[in-house]
Each structure stands twice: as C-alpha cells, then as structure tokens.
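Below, each chain spelled out in residue letters.
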There are 2 protein chains.
Amino acid sequence: MYVILVYDMEQKRIGKMLKLCRRYLNWIQNSVFEGEITEVQLKELLYEARRIMNEEEDSLILFKNRDQRWLEKEIVGQERSRIDDFL
Amino acid sequence: MYVILVYDMEQKRIGKMLKLCRRYLNWIQNSVFEGEITEVQLKELLYEARRIMNEEEDSLILFKNRDQRWLEKEIVGQERSRIDDFL
C-alpha cells in the first residue's frame, strides 16, 4: 500500500521520529514521508511511533491508498528528498 | 478534486502562507491542509503561494486526487483541526 505520513511533534522528539520514519518511508519534506509499505510494516511503524510520541501533544496523520497511481504529486520550490541524499 | 497540501517554509513567511491556504483548504496539522478544490481555485492558490514563497528555500508539495474516497486517513495523537475552530 502507498502512504503519506505527516507529523507535528515537540522538537525534542523529532530526531527519533525522523529516524524511525526513514527506516520505512522516503523523506520528501521536513516532516513529510511517502512510500510503499506493507500492512505489517505499517503496524510496526505505528507501534514504534506511538512509543516516541506524546499523544497529548503530538500529531501524526497517515493517508493510505491501495495504489499510488491515484495520487498525482506536484512540487513547488525545493524538493527536500534531494537534500536527503547527503545526510 | 481532493488535495493534500504540505509546506515547509522560512518562519517569517509562514503566517501569510497559513492564511492563504486556509482560504481554500482545511487546516489539519501544523503545515498540512486538505480539501476539495476546483482546478481554477487551485491555480489561484498556487499563483498566490508562489508570490509568498522563496522557491530557492521553501517547499510546497501537493498531492492531487480526483476523489477523496481513494484515500483513507488515520490520525494518531492530536487532531489539530479541532484547535483550528478556536482561532
């Protein structure tokens, strides 16, 4: 399945979350990830994410789609995934 | 059409961008918006966004979909749109 994941978290927890999400998905903007993922991997990712998050303060939104072809992507300005290559 | 819009901008330009995006879409997280929008409205939005953005530094990603039903949304933690009601 194809997912888009966006989070909004307290600064001190961002590093761990970024590292976690990059293990499963492609980083395309500051706090935005996308990619193909299996149901099992997604469960793992969300389980780990909940351990990092403070659910009273942080927010994670996931858009799930069976197939990426239903979504067209348009980028204005910088494409952060290029930066990602150097990290 | 249904769109998800995410931006990553220099702090000093965020206020204007937020205001612009909220005129067209629903604010669901810090820098994430979604909603139904016509082709014409989207053109207007992107035209205005480009005037606010510094395309060398900022990033705006748009996911477009003919129909929202292809996307399933899951929220973990806080749903920012509730906060939005009080602003």
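In this text, all values refer to a predicted model and were calculated from it rather than measured experimentally.

A.B. asks: I would appreciate a short explanation of the overall build of chain A in the present structure.
C.D. replies: In terms of helices and strands, chain A carries three helices and five strands. Ordering the α and β elements of chain A from the N terminus gives β-α-β-β-α-β-β-α. Computed over the C-alpha atoms, the radius of gyration of chain A is 13 Å, within 12% of the 12 Å expected from 2.2 N^0.38 for a compact globule of 87 residues. Restricting to contacts in chain A with at least 6 residues of sequence separation, those with at least 24 account for 69%.

A.B. asks: How should I be thinking about the UniProt feature "binding site: Mg(2+)" (unreviewed entry) in chain A in this particular structure?
C.D. replies: Residue and element names in this part refer to chain A. UniProt's feature table lists "binding site: Mg(2+)" (unreviewed entry) at Asp8, given in the numbering used throughout. As for its position among the elements, Asp8 is in strand S1 (residues 2-8). The exposure class of Asp8 is buried, given its relative accessible area of 13%.

A.B. asks: Help me out: how do you make sense of the pairing of S1(A) in this one?
C.D. replies: When a strand is regular, its side chains alternate between the sheet's two faces. All names here are of chain A. Among the seven residues in S1, seven count as buried, and that is most of the element. Here S1 shows no split at all, with Tyr2, Ile4, Val6 and Asp8 on one side and Val3, Leu5 and Tyr7 on the other all buried. Pairing geometry for S1 and strand S3 (residues 32-36), over five bridges, is antiparallel. Counted as the bridge partner of Val3 is Gly35 from S3. The pairing of S1 with strand S4 (residues 59-65) spans seven bridges and is antiparallel. By the bridge assignment for S4, Asp8 is matched with Ser59.

A.B. asks: Honestly, the sheet that holds strand S3 (residues 32-36) of chain B in this entry has me stumped. Any pointers?
C.D. replies: Note on sheets: strands pair through backbone hydrogen bonds, and any given pair is parallel or antiparallel. Ordered by their spatial adjacency, five strands build an open sheet running S5(A)-S4(B)-S1(B)-S3(B)-S2(B), and the pairing between neighbours is antiparallel. In this open sheet, the two edge strands, each paired with only one partner strand, are strand S5 (72-77) of chain A together with strand S2 (26-29) of chain B. Direction aside, neighbouring strands of the sheet carry axes that sit 20 degrees apart on average. Bridging between S2(B) and S3(B) involves three bridges; their strand directions are antiparallel. Paired with Asn26(B) across the strands is Glu34(B), a residue of S3(B). Each of strand S1 (2-8), S2, S3 and strand S4 (59-65) of chain B is contacted by helix H1 (residues 11-24) of chain B, which is oriented at about 175 degrees to S1(B), the strand it contacts most. Its contacts with the sheet place helix H2 (residues 39-52) of chain B against S5 of chain A together with S1 and S4 of chain B, and it is angled at close to 170 degrees to S4(B).

A.B. asks: Sorry if this is basic, but what is going on with the relation of the copies chain B and chain A here?
C.D. replies: A rotation about an axis combined with a shift along that same axis relates the two copies of the chain. Expressed as a screw transformation, the operator carrying chain B onto chain A has a rotation angle of 180 degrees and an axial translation of 0.0 Å, and the superposed copies differ by an RMSD of 0.0 Å. What the rotation and shift describe, once combined, is the action of a two-fold rotation axis. No C-alpha of chain B approaches the rotation axis more nearly than that of Trp70(B), which lies at 3.6 Å. Same-surface contact between copies: 100% of interface residues of chain B are shared with the interface of chain A.

A.B. asks: What is the right way to read the interface of chain B and chain A from this model?
C.D. replies: Taken together, the contact between chain B and chain A spans 34 residues of the former and 34 residues of the latter. With a closest N to O distance of 3.7 Å, Glu72(B) and Lys64(A) form a salt bridge. Counting across the interface, chain B meets chain A through 20 residue pairs in polar contact (both at pLDDT 80 or more). Residue assignment for the side of chain B that touches chain A shows that the elements contributing at least two residues are S1, S2, S3, H2, S4 and strand S5 (72-77) of chain B. Ranked by residues supplied to the side of chain B that touches chain A, first place goes to S4(B) with seven residues. Among the residues forming the side of chain B that touches chain A, the class breakdown is 16 nonpolar, six polar and 12 charged.

Reading the values: the criteria
- Residues numbered from 1 in each chain as written.
- Chains lettered and ligands numbered in written order.
- Predicted model: local features only at pLDDT ≥ 70, side-chain atom pairs only at ≥ 80, totals over all residues.
- Heavy atoms only, no water.
- Helix = DSSP H or I, 4+ residues; strand = E, 2+ residues; numbered from the N terminus.
- Rg over C-alpha atoms; globule rule 2.2 N^0.38 Å.
- Contact = heavy atoms within 4.5 Å.
- UniProt positions renumbered as here; feature names shortened; annotations may be inferred.
- Buried < 20%, exposed > 50% of the residue type's maximum accessible area, 1.4 Å probe, protein only.
- Pairing = 2+ DSSP bridges.
- Axes fitted to C-alpha atoms, helices over the stretch in contact; angles between N-to-C directions.
- Least-squares fit on C-alpha atoms with pLDDT ≥ 70 in both.
- Salt bridge = Lys/Arg side-chain N within 4 Å of Asp/Glu carboxyl O.
- Polar contact = N/O pair within 3.5 Å; in protein donor to acceptor, adjacent residues only side chain to side chain.
- Nonpolar A, V, L, I, M, F, W, Y, C, P; charged D, E, K, R; others polar.

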